Amino acid sequence: MESNLTDMRTVYGKTLIELGKSNHRIVVIGADTTNSLKISQFGKIFKNRFFNVGIAEANLVSIAAGLANAGKIVFAGTYAIFVPGRCVDQIRNAIAYPSRCNQKGLNVKLVVSHGGISVGADGGSHQQLEDIAIMRTIPNMKVLIPADSVSVSELTRIMSEKYGPFYMRMARPKTHTIHHTSQKFLLGKGIIVNDGSDCTIAACGITVKMALDAARLLKKDGISCQVIDMFSIKPLDNDILEKSARKTGFIITCEEHNVIAGFGSAVCETISNTYPVPIKRIGINDSFGESARDSEMTLLFKKHKLTPEDIANNVREIRR
Amino acid sequence: MKNYYSIKKTALKVRKLIIDCISDAGSGHPGGSLSMVEILGCLFYNHIKYNPKNPGWNKRDKLILSKGHASPGLFSYLAMMGYFEIDKLSTFRKFGSMLQGHPNLQCPGVEFCGGSLGIGLSFSIGDALAARIDNSSRRIYTIIGDGESDEGQIWEAAMSAAKYGIDNLTVILDRNYVQQDSHTEDIMPLDVIAENTNTENSIYTIKNKWKSFGWNVIDIDGHKIEQIDYAIRESKKIKNKPSIIIANTVKGKGIDHMEHNPNWHGQAPQREFIPLIDTELNSQFMIAPSIIAGYSSDLQNKIKLCEHAKADYIHLDVMDGIFVNNKTFDFKKIKELRNVTNLPFDVHLMISNPLKYIMKYIDAGSDIISVHVEACNESSFGEIHDILQNRGMGIGLAINPDTKLPEWSYNFLTSLDQLIVMSVQPGKSGQKYIETTHAKTQSLLHILHKYKFEGYIEADGGVCQTNIGQCFIDGARIFVGGNAIVGQSNVQNAITEFRHTILYTIKKLLISQANKIGGSKFIEKWINLHNKEKSSMINNIATDLGYM
């Protein structure tokens, strides 16, 4: 299935326009990164349902909350470093906290781009490596990390239909297509993208592709890997993880995020409750990133031991 | 304006509820709750469309309290306006209560989870933009604090509102000059940042800051109901531009030891002081200069002088030459004067057959209308009462020195707003106060109490420096000053002296009440709640009175 490269943001922008045509409650709001996020076109088509508040992220998410409070389905976003980075309190208190009857939190979808070190050249100050940790600890908040553009499109649609606050992190670079357009996405359900029985590799975002490549390397060694796309970080698919743990006996987690309190930690939290097995968390080892041009991206990932080869080595080591 | 007295009376009750619920909780924020009481009163009575029986009513306006720590103020109003039972306030800040320390949506009527400062204005802009998308006539009213204005997000929001020309939003800045640590101008000055800068003309004032951000700015006294009401009305008229009302208020307003005092930003009053606080709150008074004491040709100028001197009302003596021998002016003159000031017109009709003319006086722009018991009977006053009540006018009755309060009036006492007790024969200015009025007023209190009178007694006739203190003790809370104010060469001095005398009288009453509660030890404890300057002043009075 994996082949051509596509741009997550382009697909996101197009999907919003498609959704916006039939759903007039959808409002889009940005903060001076609307061209980059490919949402400015929405504003050209739906002039009165698009706002650009300038470089003011606290204001961005709080206005989004107010719009949602009045019944709008609000897609707000910029770069991951700024949302949640610049406005955790506003996200917590203005979006996630307000609850009426069965409506938990306000109907705001925080969709950001430029998560992780794959941001590249902009450097460490702009490489968001803490957002999963921050966002998943906020009650009522759901956290999604799509692996490819197909996921982006489907998850955007799901967010528009499902009430409540969401955070979705996209990657800056173009991504390989993992899923077929017919793939069904369900909130809180992982997708097995490679069936296997010797080990489990649970991944999210662009590391799903790395995990698949690692599985291919390991296949040559005769090791069969179960690779799961865990795009839904919260709610987390506890069942698929437990089943996989029972089947394979250990789990490797991959994320473009600090290994502290991120996706791997979330897996540890559930597995320790259900079927404890050894877990190895692969990600950024409690450090910041640094600049790297696109042509140097493999160097950056190698430095952080976050490549298919690194993943495969981890599997080999644990099996030894 | 409408509902002047309803707002005033509710504000008094709300202040007591605020003190009560914070005291009960053992923590909370009295200062910033008390400073916005009149603002909320004006909003609820005259501006916000709401339905307490259906809090989610889709045609409602929205009140966003960005300075969420002032929740006791908001909750007390929501209870008074019928969103929930008043006794629910006793659960404030307690486990299992819908009245959280800072408001959240569990409480009906709450539209925004305020508390973390700086967010509510952006949130309101979102709500206002949504109303615009929906072509809804909804208006958003947002209250922000001055300490809160330290938050950068306030200014992000200020720019956005101007960019989008948001005119379905009225922002009110509760400018009470105190934040948690200390005075705002010491912690983070909003008005002046450069030394040797004259505040009046400085470009650094908060008013000019908002102006330069592209806002329509209205600067008012945030405790004057008529000014708040006027400012909100004006804000609604402005199109394609956001409006902010800078309401200059007093932190802890109404309770002297809390006023301007940073200690009472977030401290609960102890139960033992509540009787004194109640007395203090019941001691609010109004000065009402009667402008006919001036030369009648110069009425506009006299009104301006009184306004400048911070009078509370303009008392207008209407005499028809029939009920009394003299003749002054009628509704035509009042209509003419209405444009001169926003001060409430306290219209005293010394005319016969007031029912016949009542509509004329309402239409002329009166705020409070008092008619004489001698010119009415139960039936005609009943009609007058209903007409005034239906139109949100202040309802007043007046009695002459030699008249007893007639029994037919008792049934109206519950909803009566003011009772003018004349201490001279009506019809002429410059007469001497009739001394027996003191005893008469005191004896009236019994009946008024029995019939649940919640209004104010107005002392009218010969009130001056020498008797005003005793008039206060008698129970009067509105003081008409003819010659003693408007007849003086310095109106401002005259009003200031009236105030000083009454404030001194109040302090004496409080000290003697404190003494009854717990002797000199308790007086001292109470005095120590005040700031240095005030405590030494009160201490001197207590010493003079022989308590210390």
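Conventions used here
- Residues numbered from 1 in each chain as written.
- Chains lettered and ligands numbered in written order.
- Predicted model: local features only at pLDDT ≥ 70, side-chain atom pairs only at ≥ 80, totals over all residues.
- Heavy atoms only, no water.
- Domains from an automatic or database assignment.
- Contact = heavy atoms within 4.5 Å.
- Buried area = accessible area lost by both parts, 1.4 Å probe.
- Salt bridge = Lys/Arg side-chain N within 4 Å of Asp/Glu carboxyl O.
- Polar contact = N/O pair within 3.5 Å; in protein donor to acceptor, adjacent residues only side chain to side chain.
- Helix = DSSP H or I, 4+ residues; strand = E, 2+ residues; numbered from the N terminus.
- Phe/Tyr/Trp six-rings, centres within 6.5 Å; stacked < 30°, edge-to-face > 60°.
- Buried < 20%, exposed > 50% of the residue type's maximum accessible area, 1.4 Å probe, protein only.
- Pairing = 2+ DSSP bridges.
- Right-handed = clockwise from strand over helix to strand, strands pointing away.
- 1 Å grid on protein atoms, 1.4 Å probe; cavity = no way out; pocket = protein on both sides within 12 Å on 5 of 7 lines; lining within 4 Å.
- Points joined across faces, edges and corners; volume = space filled by probe spheres on them.
- Nonpolar A, V, L, I, M, F, W, Y, C, P; charged D, E, K, R; others polar.

> Would you mind going over the domain arrangement of chain A with me for this structure?
A common way to express how large an interface is: the accessible area buried when the components associate. Residues and elements named next belong to chain A. Partitioning chain A into structural domains gives domain 1 (5–176) and domain 2 (191–319). Listed by partner, the interface residues are 34 residues for domain 1 and 34 residues for domain 2. Each partner contributes to the roughly 2400 Å² buried at the junction of domain 1 and domain 2, and carbon and sulfur atoms together form 60% of this total. For the domain 1 face of the interface with domain 2, the top three residues by lost area are Ile 117, Leu 129 and Arg 136, together amounting to 30%. If you look at where domain 1 meets domain 2, you find two salt bridges. With a shortest N-O distance of 2.5 Å, Asp 294 and Arg 172 are connected by a salt bridge. Taken together, the connections running from domain 1 to domain 2 amount to 24 residue pairs in polar contact (both at pLDDT 80 or more). Among the secondary structure elements, those contributing two or more residues to the side of domain 1 that touches domain 2 are α5 (131–136), β8 (142–144), α6 (149–161) and β10 (175–176).

> Just to check I follow, could you spell out the packing of aromatic side chains for this structure?
Each aromatic ring pair is summarised here by two numbers: the centre-to-centre distance and the angle between the ring planes. All names here are of chain B. For the structure on display, the rule yields 24 aromatic pairs over all chains. Relative to Phe 479, the ring of Phe 285 lies with its centre 6.4 Å away and its plane at 70 degrees, an arrangement referred to as edge-to-face. Highlighted residues: Phe 285 in the loop between α10 (274–281) and β6 (286–289) and Phe 479 in strand β13 (residues 476–481), separated in sequence by 194 residues. Taking the relative accessible area as the measure of exposure, Phe 285 reaches 13% and is therefore buried. Residue classification places Phe 479 among the buried residues on the basis of a relative accessible area of 0%. Plain terms: the ring middles of Phe 381 and Phe 412 are 5.0 Å apart, the flat faces sit at 85 degrees to each other, and that makes the pair edge-to-face. With Phe 381 in helix α14 (residues 378–390) and Phe 412 in the loop between β10 (394–399) and β11 (418–422), this pair connects stretches of sequence that are 31 residues apart. Of the two residues, Phe 381 and Phe 412, neither departs from the other in class, the shared state being buried.

> How should the pairing of strand β3 (residues 169–175) of chain B be read in this particular structure?
Each regular strand shows side chains that alternate between the opposite faces of the sheet. Residues and elements named next belong to chain B. Counting buried residues along β3, seven of its seven residues qualify, which places the element largely inside the surrounding structure. Judged from the six bridges that link them, strand β2 (residues 140–145) and β3 form a sheet pairing that is parallel. Each residue of the ladder has a partner; that of Ile 140, found in β3, is Leu 169. Once you follow β2 into helix α6 (residues 152–163) and on to β3, the crossover reads as right-handed. For β3 and strand β5 (residues 243–248), the ladder comprises six bridges, and the chain directions are parallel. Across the sheet, the residue bridging to Arg 175 is Asn 248, located in β5.

> Looking at this structure, how should I read the layout of surface pockets?
Empty space left among the atoms is revealed by rolling a probe the size of a water molecule over them. Residue and element names in this part refer to chain B. In this structure, the largest pocket spans a volume of roughly 1800 Å³. Along the wall of the largest pocket there are 48 residues; nearest its centre are Asp 221, Lys 224, Lys 253, Asp 312 and Arg 499. Of all the elements in the fold, those that place two or more residues in the lining of the largest pocket are α1 (4–25), β4 (216–221), α9 (225–237), α11 (299–308), α18 (491–527) and α19 (532–544). In terms of residue count, α18 provides more of the lining of the largest pocket than any other element does, nine residues in total. Partitioned by chemical class, the residues of the lining of the largest pocket number 19 nonpolar, 13 polar and 16 charged. Here the second largest pocket is characterised by a volume of approximately 710 Å³.

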